[in-house]
Each structure stands twice: as structure tokens, then as C-alpha cells.
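# A look at the structure
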Amino acid sequence: MLISEQEKEKIYSPGLEGIPAARTKLSQVDGKGGRLIIAGYPVEEFAGKAVFEETIFTLWNDRRPKPTETSLFSEELRSSRRFSKVIRTIIEEAVYANLSLIDILRIGSAALSLGSEKEDPRKDAMAVLSTFPLIVAWAYRLLKGQTPVLPRQDLDIAANFLYMLNGIDPDPRSVRALNTYLNTVCDHGLNASTFAARVIISTQSDMISAVTGGLGALKGPLHGGAPGPALDTVFEIGVKDNAEKVLREKLKHNERLMGFGHRIYKVRDPRADVLAKAAKILYDTDEKREFYDLAMFVEKTALELLKEYKPDRVLQTNVEFYTALLLHGLGFPTEIFTPVFAMGRAAGWTAHCFEQMQERIVRPDAIYTGEDGKLWN
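Residues numbered from 1 in each chain as written. Predicted model: local features only at pLDDT ≥ 70, side-chain atom pairs only at ≥ 80, totals over all residues. Heavy atoms only, no water.

Looking at an unreviewed UniProt entry, one finds the protein named Citrate synthase, with Leptospira haakeii as its source organism. Here the protein is described in UniProt, under the heading Pathway (unreviewed entry), as follows: "Carbohydrate metabolism; tricarboxylic acid cycle; isocitrate from oxaloacetate: step 1/2." Entered under Sequence similarities (unreviewed entry) in the UniProt record, the comment concerning the protein runs "Belongs to the citrate synthase family." (UniProt positions renumbered as here; feature names shortened; annotations may be inferred.)

## Considering the pattern of salt bridges
For the coordinates displayed, the defined rule picks out 20 salt bridges. Between Glu69 and Arg63 there is a salt bridge, with the nearest N and O atoms lying 2.6 Å from each other. Judged by its relative accessible area of 36%, Arg63 falls in the partly exposed class. The residue Lys300 makes a salt bridge to Glu304 at a minimum N-O spacing of 2.9 Å. A residue pair is termed a helical-turn pair when its members lie 3 or 4 positions apart in one helix, as Lys300 and Glu304 do in helix H15 (residues 286–309) at four residues. Exposure remark for Lys300: the relative accessible area of 49% places this residue in the partly exposed category. What makes Glu304 partly exposed here is its relative accessible area of 44%. (Salt bridge = Lys/Arg side-chain N within 4 Å of Asp/Glu carboxyl O. Buried < 20%, exposed > 50% of the residue type's maximum accessible area, 1.4 Å probe, protein only. Helix = DSSP H or I, 4+ residues; strand = E, 2+ residues; numbered from the N terminus.)

## Regarding helix H3 (residues 52–61)
In terms of residue burial, H3 counts as a mostly covered element, since nine of its ten residues are buried. Phe52, Glu53, Glu54, Thr55, Ile56, Phe57, Thr58, Leu59 and Trp60 are the residues of H3 that are buried.

## Remarks on the sheet that holds strand S3 (residues 41–42)
The antiparallel open sheet is built from three strands, whose spatial order is S1-S2-S3. The two strands at the open ends of the sheet, each matched to only one other strand, are strand S1 (27–30) and S3. Direction of pairing for strand S2 (residues 35–38) relative to S3: antiparallel, over a ladder of two bridges. Looking across to S3, one finds that Ile38 is bridged to Tyr41. (Pairing = 2+ DSSP bridges.)

## Observations concerning the pairing of S2
Summarising the sheet, S1 and S2 pair through four bridges and their orientation is antiparallel. Bridging across to S2, Val29 finds its partner in Leu36. Where S1 folds back on S2, the antiparallel hairpin that results is connected by four residues, among which Gly34 adopts a positive phi of roughly 65°. Where S2 folds back onto S3 in an antiparallel hairpin, the turn is made up of two residues, including Ala39, whose phi is positive at roughly 50°.

## Thoughts on the side chain of Arg345
Within the element layout of this structure, Arg345 appears in helix H17 (residues 337–356). One buried charged residue, Arg345, remains without a salt bridge, the closest side chain of opposite sign being Asp187 at 5.1 Å. Residue contacts for Arg345: discarding those within four places in its chain leaves Val185, Cys186, Asp187, His188, Asn191, Ser193, Thr194, His223 and Arg271. (Lys, Arg positive; Asp, Glu negative; His and termini not counted. Contact = heavy atoms within 4.5 Å.)

In C-alpha cells:
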């Protein structure tokens, strides 16, 4: 293998880890300090207070909206839904083909181009944020053999999604919990799906293509598919008396405890604290409290055992654990977790696309490791 002196001087970082590829005002992930800043706000400052529409506005405009602006922006989002009969038919065909919900959302995302006369990044972004929840809820009910429910024009994103999913008026506690979740996952640095969206939009492609590319990246189990398994462990344990035995067995066999540890955060994931508070409120009912107490006991036991088995590593509860707990508390099955994650992260994708449109095309270099001088004959 011949490597030129020029190639040797290049710095290679697997997965581009530690290599800055963008300047952004949208979010900062502080792994050592355990902080997540979204458009200047610590995530714990706004996630449990704002409605998702306010968060989208803040990401897009680098400032919090005034109350009158929130109302106008919410109305504009509702008016931007692209949910024609043609798009619903495409979704239904995908359901009949027995595709997964995330694949149906990806197909539905691409189909949003059918609802516009010409490419307009802002209008397309509005369509993405307002229509993704409709696609997920419509497809989910079809997959379950239930009659789909049409959206309501008087409900904002979180409330309307719950209404379309369950067919009844959502209770305020559930609406607050879902808004908190969507706010919490709206953006998280230059993660794989966000980077994919920025690369696509940097070519002067369109917003729908960029977001659909982001969805393709989010589908991967190393990115958006982790919350479900975090909940599976709690189900497997079943009762508190089984917790230590089951978890010890997993650690003895070097199984990863899903919901603990993070590639970036070396302390507790700040998003976990936000969702923990939201979940505690959501589970504050007689019928839900027993499962919540079990999950808290599993978390406590897992953290104690991780210190025992892996004393050289800092493994704290991450966002996956409390994502699973909160979404389960909302009555969501695990197959809907990643699509709901996409509903929130789309706010970040679109905002990053707006930023990247002012920058150069993303064109990283590569280190050639092949041979030179081969003869074809």
C-alpha cells in the first residue's frame, strides 16, 4: 500500500469525531458539564414550559416568540398541513405493504413535495413540522386495524397528534408531557441525522429531500432506535425483587444495559432530568404509579451495579431510559417511539438547513489507502 506524503499529513478521525463541520447558533452539547443549550436556553429552562410551536419559532428565529407571534405561528403551521387524499393513499399503500412506521414516515415525507407548486424552503419546513404527526397517527391506526381520525384545525401539534392517535380529546397532562418530550429532543448538536440533512441541503437541494435524508439516518438503530430496548429491560424484570438478579446476569455476560451511558455525556444526560420530571407528573395516578416505582427501582439498581462492574467508566442514566418511560406513560407502543422522535427532531433538521443554506457545500476530504500504478492489461 503506497501512501503519499500529502496523504500522511491529513488527519483522520473515524466517524469525524471531534472534527468541527459547522458553525451553529442552534445547540451546544457540553458532555463534560452535562449541559444542553438550545438557541441560548438550557434545555431544562424551557422544555417543560414551552409548547412545541414556541420551540420551533425560537430555533428558526434565534429568539423566543411574543404571545401574539406564537398564536400566528401556530395558525400558520396548522394551515401548512399537506394531507391530501393522494398523500393519504400513499400512506395506506405503504401500510398494506406491511412497512414499519418509520419507513412509512420516510415515504410520506418524500410525498410532501406533491403538495407544493414550487420549492420554498420555509413553506416546505412548515409542511414537515405540521404534517409529520398526521402521517404517523394515520398510519398507526391503519396498522392496528382502526379507522383513521382526521386532524382538527383547532388543536396544536401535540394535542392534535394525541387526538388523531386515540380518537378522543387529549387530557392536559398528556399534552404537556408530549410537548416537553418534543422540546427536549428538538436538537442535539451535529448528530448523524442533522449532519445528513445539512449535507443534502448544502448541495442546493430542497428542504423535503434534506429532511427525508435525515429520516433515513435516524432510522438506524445506532441513532434513533434505542428507547424501545431501554423499556424492555423494565418489562423483563417485572417486579422489584427480580431487578438485581436480572441486571447482574446481564452484566456478567457483558450485555449493555440500554438507557445507561452516552457517547458524549460523561455525566448525567441533562435531557434525562427534564424527562424524569415530566414522567413523574405523568405517572402521578393510581393506575400508573406502580410501573413508575418499578422503573425508578430498576434505574437505582442498575446505577449501583454499573459502579460495581464497571468502576473505570462513568455510566449515568441517559435520555433513552426516560424517553421510554415517558412515551410508555402516554400509551405509545415501542414501534412508534422513533417516528415520534423524528417529529421532534424535525425542528432541528429544518433549522440547521436554514443555517446551512448560507454556507458552502459540504465536501470533506478522504485519505486514499489504495495502491498506485496498476496496469489494466
